[in-house]
Number of protein chains: 2
Amino acid sequence: MQDHAIRLGVIGTGLAVERLHWPALQRLKHEYTITAFANHSRPKAEHFANYAGVSMDDYAEDYRDLLGRSDLDAVLISLPIPMNYPVTKAALEAGKHVICEKPAGIDDAEGRKFIELIETFQDLIVLITENSFYQDTARLARSLIDKGALGRLHLASWRTVSQLVPKAGEFSSTPWRHDPGYEGGPHLDAGVHHTAIIRLLCGDVSHVSGVTQDANTTHGGPSDLSLNLKFVSGAVGNYTAGYPELAVPKEPNDLRLYGTEGVMSFGYRQLTVSRPEEPDAVYRTGQVDGGHFNAFVNFFEAIRLGEPVVGTVAQTFRNMQIVLDGLESARRGVVRAIDPYPSELSATALPLWSPVRSDPLFDNPDYVTVEHG
Amino acid sequence: MQDHAIRLGVIGTGLAVERLHWPALQRLKHEYTITAFANHSRPKAEHFANYAGVSMDDYAEDYRDLLGRSDLDAVLISLPIPMNYPVTKAALEAGKHVICEKPAGIDDAEGRKFIELIETFQDLIVLITENSFYQDTARLARSLIDKGALGRLHLASWRTVSQLVPKAGEFSSTPWRHDPGYEGGPHLDAGVHHTAIIRLLCGDVSHVSGVTQDANTTHGGPSDLSLNLKFVSGAVGNYTAGYPELAVPKEPNDLRLYGTEGVMSFGYRQLTVSRPEEPDAVYRTGQVDGGHFNAFVNFFEAIRLGEPVVGTVAQTFRNMQIVLDGLESARRGVVRAIDPYPSELSATALPLWSPVRSDPLFDNPDYVTVEHG
């Protein structure tokens, strides 16, 4: 009965679908068919119908009409953050599997409700598209760390500072980001990708302390956030993210991981491992996108083959917790211990995702290029 | 009566004198005469006598014998950190002005005793050679900030990570650094220079939270320290310093200051100011050393002209406090408010030093080169 492609309803057809999801779905035509789509704005829906080659007959202005269709297996939810929880809830109640943009809720309370929700619908798959979990360079980094490339990690450091002002046609311009309706502004929107990478490579954070500063009038939430981190492993680290209004000069913007046997510099689609007595090794992968393709593969294999989901609600909630507890730490002037809900914190918090189908990263020797120098 | 050069006794004639103080004193022959010197090791004293061109007749094995001489105006104390307080005390009791290496004491309690000590001897000058206060590039940076080059500072960030293992003939090899007898190891020894720069450019720190990690068996104290900082001005920042045993790849190692009107990248003897709509400006000064020459000028002018000392015990104590409170924060898992002893904390905590004599930095237009690009 399950031989057909997954019949997907797309709820929200904005920039994230155009830039992130549709390019992945295009490469997965045997796995997914777009059966229906919803947007409160008809012009945006028409734009989507046009580039995705779907018929306006399958359009619904109200996502609840879409959920009422019996010919849908699953929905993709790509809406402003405050919609993630209520629309996922409605979709599960309608019996649909869900793949939903991050983060899992607007705050700690809603994140916990989100986890309880999926426990209620155990027969349905819910995957939060935290693409960083699935990014090939990140998976490669994790596999090198697992093999001992760095020895014992003792220090992690990441500073990322870049101008954030509304630019027409970019994510920065979407109105809900200026008055976001959730705490943390860009740190909960963009920053959770960074905490996802940090958790994938360093394990869970046990304690966080933060300082914040407001220096951007064009976005909601504090612009600067600096978090000191204690990891379950015993390592420590700092994550400093700045989204100022002013343009800043070129920044290094790499995560550095310092171990007793090596140092890793993790950048965008490139990583370098430096070990004593060895030439530096620069790795580049052939990855096709920021991880969305792989997320859809995981979603497909979870539905069809019963494979575990890596981007679970609980895992993406953990990414949020680092930001939210950091913000709370800054407000209250205290160090926060992360509440290990819904399960124990772990030094290898996140499984390293690998698909059942052939994985170019680990199965194709030509997929990763290495330069020594 | 005070027309002669200051008759200086040198207590401790190790690497710091050879590398830092003697080159400065050589340029100040009209201001200083080395009249006596002490070292518990006669071979080290002979080495000093040789390069400094002084007679072994003026050598004392015990610094207390040196202090008993009536033909000394002042002493330079260049000893392991735990000796700074007791030897300064003995020198003041012997009626000598003191110029002493940083930091002012081994811990918070001794630092406070140090401040009380100099209050007891108000007729004598005490200058702690925190050369960073006097460094020309740092003074230039501060003058640009004072002129408004950055607008309102909102974020400061500095990561400095470098291998620290004993190397023959370098500071890293001196035995007292491996078993230092003071808390914080390299962070109290080397790190206080960084906190001096941070205070000079950003003002006082009001709150600090820290995490530490031990990953170096060759030095006492934690190897990694990451401090989140709240400044009196309202800005926030992070200072991460790592002294691992393992070699690390090239690091940026610049202090970045993010303001509402500009960004400064402050490096060693070079700084860059980036402002919107303007080409980046790269400044380099002609400074002759890390600031020791200027410190000796300040000491001379304080004794001869009654000029204020910038490198006071209280100011260098404040630098220490950031490190010591950061370490305490890490141990206890709390955010620490800096105790504003001996006076109020301030957003312009440190005066910008400028000599009575001509100051190349501000009086000679050729001394600073600026490249735009």
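Coordinates for the structure precede this section.
Read on for an overview of the structure. (Residues numbered from 1 in each chain as written. Chains lettered and ligands numbered in written order. Predicted model: local features only at pLDDT ≥ 70, side-chain atom pairs only at ≥ 80, totals over all residues. Heavy atoms only, no water.)

## Notes on the overall build of chain A
Rule in force here: Strands are runs of DSSP state E lasting at least two residues, helices are runs of H or I lasting at least four, and both sets are numbered from the N terminus onward. Taken over C-alpha atoms, the radius of gyration is set against a globule rule of 2.2 Å times the number of residues to the power 0.38. With a 1.4 Å probe rolled over the protein chains alone, any residue whose accessible area is under 20% of its type maximum counts as buried; one over 50% counts as exposed, and the rest are partly exposed. Contacts are residue-level and defined by heavy atoms, with any inter-residue pair within 4.5 Å sufficient. Note that accessible areas follow from Shrake-Rupley with a 1.4 Å probe, and for residues the cover is restricted to the protein chains shown. By the counting scheme adopted, Arg and Lys are positive, Glu and Asp are negative, and His together with the chain ends is not counted. All charge positions are set by atom: Lys at NZ, Arg at CZ, Asp at CG, Glu at CD.
Each helix and strand counted, chain A has 11 helices and 16 strands in total. The C-alpha radius of gyration of chain A comes to 20 Å, within 12% of the 21 Å expected for a compact globule of 373 residues. If one aligns the C-alpha atoms of chain A with their principal axes, the spans along those axes are about 60 × 50 × 40 Å. A total of 373 residues make up chain A; the buried ones form 61% of that total. The contacts of chain A with a sequence gap of at least 6 include a subset with a gap of at least 24, amounting to 74%. When the accessible surface of chain A is summed, it comes to about 14,300 Å², and 50% of that surface belongs to carbon and sulfur atoms. Separation of charge centres in chain A, based on 33 positive and 47 negative side chains, amounts to 2 Å.

## Thoughts on helix H6 (residues 136-146) of chain A
Residues and elements named next belong to chain A. In terms of residue burial, H6 counts as a mostly covered element, since 10 of its 11 residues are buried. Among all positions in H6, only Asp136, Thr137, Ala138, Arg139, Leu140, Ala141, Arg142, Ser143, Leu144 and Ile145 are buried. Trailing H6 by a residue or two, Gly148 shows a phi angle of about 95°, which is positive.

## Comments concerning the pattern of salt bridges
Rules: Between Lys or Arg on one side and Asp or Glu on the other, a salt bridge is scored when a side-chain nitrogen of the former is within 4 Å of a carboxyl oxygen of the latter.
Using the criterion set out here, one finds 52 salt bridges over all chains in the structure. For Glu328 of chain A, the salt bridge goes to Arg332 of chain A, with nearest N and O atoms at 3.4 Å. Here Arg332 of chain A and Glu328 of chain A lie together in helix H10 (residues 313-332), a separation of four residues that amounts to about one turn. Residues Arg284 of chain B and Glu371 of chain B are paired through a salt bridge, measuring 2.8 Å at the closest nitrogen-oxygen approach. Taken as a pair, Arg284 of chain B in strand E14 (residues 281-285) and Glu371 of chain B in strand E16 (residues 368-372) lie far apart in primary sequence, 87 residues in all. On the basis of relative accessible area, Glu371 of chain B is assigned to the partly exposed category, the value being 45%. Through salt bridges with shared partners, a single ionic network connects Arg159 and Glu251 of chain A together with Asp254 and Arg256 of chain B.

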